[in-house]
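This is what each chain is made of:
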Amino acid sequence: MTFLGSPLKLWASVGHWWIWHFDLAKYTEKQKPRVLVSLAACAVAAFVGLPVLAYYTGLAGVAKFWLMPWLGYHFWMSTFTVVHHTAPHIPFKPAEQWNAAKA
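Residues numbered from 1 in each chain as written. Predicted model: local features only at pLDDT ≥ 70, side-chain atom pairs only at ≥ 80, totals over all residues. Heavy atoms only, no water.

Visitor: Can you explain the overall build of the chain? Please cite residues and give values.
Guide: Broken down by element type, the chain carries 2 helices and 0 strands. On C-alpha atoms alone, the chain measures out to a radius of gyration of 18 Å, which is more than a quarter above the 13 Å that the 2.2 N^0.38 rule sets for 103 residues. In terms of overall dimensions, the chain has a C-alpha envelope of 50 × 40 × 25 Å along the principal axes. In the chain, which comprises 103 residues, the share counted as buried stands at 11%. Across the chain, every contact between residues at least 6 apart in sequence was considered, and the portion connecting residues at least 24 apart equals 44%. (Helix = DSSP H or I, 4+ residues; strand = E, 2+ residues; numbered from the N terminus. Rg over C-alpha atoms; globule rule 2.2 N^0.38 Å. Buried < 20%, exposed > 50% of the residue type's maximum accessible area, 1.4 Å probe, protein only. Contact = heavy atoms within 4.5 Å.)

This is how it looks when you write it as structure tokens:
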């Protein structure tokens, strides 16, 4: 069984997010200030928002209001990406031929 043919494909977006979006070395010097703001927002949400949510709603509230929507979003993105990159009627185009308006 291949990765794309298994339920593990639903976790692909989480892996991509973890590997690519938290490594400053993957960004240009011009992009780094904006990336740092984004990472700071993630840190505030994780270290302030989640504890406040847990305090007022308990662990069930964290699961209901953060974990499940977060997983749902990532599963949806993973499924969309797999379909987009594997559907035979959707052609893959090199960067120089790709057009955002037509995609």
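After that view of the structure, there is still more to cover.
Visitor: Before we move on, could you go through the pattern of salt bridges and cite the residues and values that matter?
Guide: Side chains bearing opposite charge may pair, as long as their charged atoms lie close to each other. Here the structure, examined in full by the defined rule, presents 2 salt bridges. Note that Asp23 is salt-bridged to Lys26, the shortest N-O span being 3.6 Å. Residue classification places Lys26 among the partly exposed residues on the basis of a relative accessible area of 38%. Residues Glu29 and Lys32 are paired through a salt bridge, measuring 3.1 Å at the closest nitrogen-oxygen approach. (Salt bridge = Lys/Arg side-chain N within 4 Å of Asp/Glu carboxyl O.)

Keep in mind that these numbers describe shape and distance, not what the molecule does.
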